[in-house]
Amino acid sequence: MMLWVINLLGLLLLGLIIWWFWGVRPQVKAMPATQPIEVLVADGVYVPAFIGVPAGQGVTLHFLRKDPSPCAEKVIFAGLGISADLALNSHTEVTLPPLAVGEYEFTCQMQMYRGRLKVTQEM
Amino acid sequence: MQHGKDQQIQTIRLSVAGMSCAGCVASVEGALAAVPGVSDASVNFAEHTALVHGTVSPARLIAAVVQAGYQAAELRNEGDEADKQAVELAYYHRLIRQTLVAAALGMPLMIDGMVGGLLPAMMAGVVGQVTWLVIGLLTLAVMIYSGGHFYTGAWKALRNHQANMDTLIAMGTGAAWLYSMVVTISPGSVPTLAHHAYFEAATVIIALINFGSALELRARGKTSEAIRRLLGLQARTARVVRDGRELDVAIAEVGLDEILRVRPGERIAVDGVIIDGSSSIDESMLTGEPLPVAKKRGDTVVGGTINGPGSFLFRAQRIGSDTVLAQIIAMVRQAQSTKPAIARLADRISAVFVPGVLILAIITFLLWINLGPEPRLGYALVTMMTVLIIACPCALGLATPMSVMVGVGKAAEHGILIRNGESLQRAGQIDVVVLDKTGTVTAGRPQLTALRPLPGVDEIQLLQWAASIEAGSEHPLAAAILDAARQRHISVPEARNFSAVAGHGVAAQVDGHEVLLGNLRLMQSRGVDGSAVAGMIDALAAEAQTAMVLAVNGSVRGVLAVSDPVKPDAAAAVARMHARGLKVVMLTGDNRATAAAVARQVGIDEVIAEVLPQHKAAEVSALQARGQVVAMVGDGINDAPALAQADVGFAIGSGTDIAIESADVTLMRSSLHGVIDAIEISQATLRNIRQNLFGAFIYNVLGIPVAAGVLFPFTGLLLNPMLAGAAMAMSSLTVVSNANRLRLFRSSGGR
């Protein structure tokens, strides 16, 4: 009986993991492109990690790095060929050119910090 | 850029040049104030600086000033690197403290587990239970102090639908602690055989992983050695001449257009042009060129290089982030953040790695609890924990970036700027090296070596015509003819209606005569009979001299030949390319015989001659059509299309006067050794990346199944979760250390 419960719980947990990491699309935080978007770099995540911006406008991101680990040192927009070294406890400005509609990932060097920029038609 | 907690408002200082009157102040202030995001801007006319408060990037402010008709550059304190090192040291000490605290509890517990008898048994009545409850609470305190960052990181990532290394460590150690607490508080809820606490595992794992991170931090510091070395080239102070007095100021205080004094042996602060005095300057730190370069009035000097025995004054033209050194540093940093295509698979895997490991861990647990021997729960828990702990996304994630950091940095130390990871990867796969002739194989400074007038024509007259027609041309051959005329003190009458025919020659009117100077094809196209000099041209060409026919009013008057000496180390560099199995091709607009003569001197395999500049790219693509990976080496300006067409374009510079970022690879030194050095560094880096990726893959592919217990049915062996923690800490350290081996790279040229 106990074993059944454990097995059921295990399978439920498996389903939950698949659903949480692959099934649900995280909420995108929509931002106007007119002012800099602040991104906090701390505890292994970018906050916000999913940013929505309008297409065709340059975007400025202000990265505030709080994590002293070297993992957080760089932010890389691999698809755009843009990267920046983030200074600790201060803001680093990253300016992106006007982007076409689509999704652009930004990560640390090791891909442990992950964020996504969702560019949509005028919001 | 630094600013307070109130992130939006920042202060930017600009140096503004070109303000000649107080009226300019208002115009610059107006231009700055009009930039959206500027809250206030004030210009100090005496200092030629502007102070701006607002939420705007320096680049936008500079653009606004330039738009208004002035020049500007940001004044900034470059304290970044020292700050960074202090931060890293503090972080290192924190990790060591966290390691020691965790080990202080974990080690005695581990020893007790192995030796036994030091602590009362868990089942030894109330004393035992209370002792272990206290140990459990102490463990919790250690987990919070030494491993708190894993749990907050894991939680925040989870909330964002993400998972990272923190998730694995938090789950592994968290499960160990929870289970142990259940056993301690309510022994009855767990089968007797499974009565075991894993507090020591939780603390030792945290100690090991923190210790691994500390060692990794140290090793990582070495990977950015090249950048530190470049940053170290920046002078800290400069001697400026203000109001006729010389005073030493911090480098951040040097403005545009200021006059600076450089004394013997001093480091040059910023980029500029010499206005008084002369010296020889050691530029080896930027270009790798060992010999000092003589500089006189009107020549440019570059910040970071070292003055020789002379003293001079120069005018600052580029400061701050605009200097050549700053641009090199920026380019190297940028390139260090990119990855070659070879890393794509690893990136794709690491994106799904952690959730994948979570799934594997649960499957492991379920398999053991259903199929394992007693105590099933104990085995299931240990194997699940070991799978979570041994899996190392970091080694996979670090494999490529660490090697690229070191490889690109190493190249920079050799005066080679590699644009990105893609260029690095392709440079390591080159089959054919195509060399432009002039300025690449040869010195690029041609001299007049033959003056052959036809019978009845005066030698001086021939040179005078040639000099007149070439006076308006910027071609290097023209410079050789003009130099020769100047040396012989020949007056040069003005030419009219000058026209250049690309790849053929030039035409103009001199003293009312139609003068043509160029190759035989130019003569043919203008209906001039060149047969009288054809033999002479062939003979000169066989000696690698470029012969030009001079015709006046439709008839040939003579031949002038110019030759460009081969670079002294070109043959040695080509020999090194051959030793690497590379084919070397020369591409030139010159005639076949001249080109062949140069090729013979240097040992080039194949010559493609008489190619018009606009056809060079087509020749490169013809080579590519044979299925070969082609590198093109040229000057970056005239050869730009061919450089772009090639799989890897090498722009070869002469000293610091280069157009950075004009090609995939920029060689700061004019020697061809740079090409083969770049290829060797790229190959070594790629080899290193492959080793790292292989190591990281194999580690996980073998480690995870062993942790899950696949060996148990055959050998009865199970991996201890603490050993898994040590293995995981070592795996990323190994990757970083292997990348650091690249620092020992030596080129086959032995320099």
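First things first, this report covers the structure right here in the doc. (Residues numbered from 1 in each chain as written. Chains lettered and ligands numbered in written order. Predicted model: local features only at pLDDT ≥ 70, side-chain atom pairs only at ≥ 80, totals over all residues. Heavy atoms only, no water.)

The interface of chain A with chain B comprises 46 residues on the first partner and 58 residues on the second. Summed over both sides, the interface between chain A and chain B buries roughly 4400 Å², with carbon and sulfur atoms accounting for 59% of that surface. Our enumeration of links across chain A and chain B arrives at two salt bridges. The interface formed by chain A and chain B includes 14 residue pairs in polar contact (both at pLDDT 80 or more). Secondary-structure elements contributing two or more residues to the side of chain A that touches chain B are helix 1 (2-23), strand 3 (45-47), strand 5 (59-65), strand 6 (74-77), strand 7 (82-85) and strand 8 (91-96) of chain A. By residue number, the principal contributor to the side of chain A that touches chain B is helix 1 of chain A, which donates 12 residues. Counted by class, the side of chain A that touches chain B contains 25 nonpolar, 13 polar and eight charged residues. (Contact = heavy atoms within 4.5 Å. Buried area = accessible area lost by both parts, 1.4 Å probe. Salt bridge = Lys/Arg side-chain N within 4 Å of Asp/Glu carboxyl O. Polar contact = N/O pair within 3.5 Å; in protein donor to acceptor, adjacent residues only side chain to side chain. Helix = DSSP H or I, 4+ residues; strand = E, 2+ residues; numbered from the N terminus. Nonpolar A, V, L, I, M, F, W, Y, C, P; charged D, E, K, R; others polar.)

Moving on, we come to the packing of helix 4 (residues 125-159) of chain B against helix 6 (residues 199-223) of chain B. Residue and element names in this part refer to chain B. Packing of helix 4 against helix 6 brings their axes to within 9 Å, and their N-to-C directions diverge by 25°. Viewed along their axes, helix 4 and helix 6 adopt a mutual orientation that is roughly parallel. Crossing hand, helix 4 versus helix 6: left-handed. Counted together, Trp-132, Ile-135, Gly-136, Thr-139, Val-142, Met-143, Ser-146, Gly-147, His-149, Phe-150 and Tyr-151 of helix 4 and Phe-199, Ala-202, Thr-203, Ile-206, Ile-209 and Asn-210 of helix 6 form the full contact between these two elements. Of the residues assigned to the contact of helix 4 with helix 6, the class counts are 10 nonpolar, seven polar and no charged. (Axes fitted to C-alpha atoms, helices over the stretch in contact; angles between N-to-C directions. Parallel < 35°, antiparallel > 145°, perpendicular 65-115°, else oblique. Left-handed = near helix turned anticlockwise from the far one by under 90°.)

So, on to unusual backbone geometry. A cis geometry characterises the amide bond from Val47(A) onward to Pro48(A), with omega recorded as -5°. Structurally, Pro48(A) is set in the loop between strand 3 and strand 4 (50-54). Cis geometry is adopted by the peptide bond preceding Pro375(B), which originates at Glu374(B) and carries an omega value of -10°. Its place among the elements puts Pro375(B) in the loop between helix 10 (344-371) and helix 11 (376-390). A positive phi angle, near 60°, is found at His161(B), a position not held by glycine. Its location among the elements puts His161(B) in the loop between helix 4 and helix 5 (165-185). According to the relative accessible area criterion, His161(B) is buried, its value standing at 15%. Positioned with a positive phi, Asn497(B) is a non-glycine residue whose angle comes to about 50°. With respect to the element layout, Asn497(B) can be found in strand 17 (residues 495-501). Given a relative accessible area of 59%, Asn497(B) falls into the exposed group. (Buried < 20%, exposed > 50% of the residue type's maximum accessible area, 1.4 Å probe, protein only.)

Further remarks concern the pattern of salt bridges. Residue and element names in this part refer to chain B. By the definition in use, this model includes 32 salt bridges over all chains. When the shortest N-O distance is used, the salt bridge between Arg-743 and Glu-225 registers 3.1 Å. Here Arg-743 is found in the segment after helix 25 (721-741), whereas its partner Glu-225 is found in helix 7 (residues 225-232), with 518 residues between them in sequence. Classification of Glu-225 by relative accessible area gives partly exposed; the value is 25%. Across the salt bridge formed by Glu-606 and Lys-583, the nearest N and O atoms sit 2.8 Å from each other. You can see Glu-606 sitting in strand 23 (residues 606-608) and its partner Lys-583 sitting in strand 22 (residues 583-587), a full 23 residues away along the chain. Overall, Lys-583 belongs to the partly exposed group, its relative accessible area being 25%. Through salt bridges with shared partners, a single network forms among Glu-225, Arg-229, Lys-410, Glu-413 and Arg-743.

Time to look at the nonpolar core. If you look at the biggest cluster of nonpolar residues, it comprises 172 residues, and the most contacted ones within it are Tyr46(A), Phe63(A), Phe77(A) and Phe650(B). Counting residues in hydrophobic clusters, the runner-up holds 27 residues, among them Leu462(B), Leu482(B), Ala485(B) and Ile490(B). (Core = buried A, V, L, I, M, F, W, Y, C linked by side-chain atoms within 4.5 Å.)

The next subject is the pairing of strand 7 of chain A. All names here are of chain A. Alignment of strand 6 against strand 7, held across four bridges, turns out to be antiparallel. Its bridge partner lying in strand 7, Val-75 is registered against Ala-84. Here strand 6 folds back onto strand 7 in antiparallel fashion, the turn holding four residues, of which Gly-81 has a positive phi close to 65°. (Pairing = 2+ DSSP bridges.)

Read these as layout, nothing more, since geometry by itself doesn't imply function.
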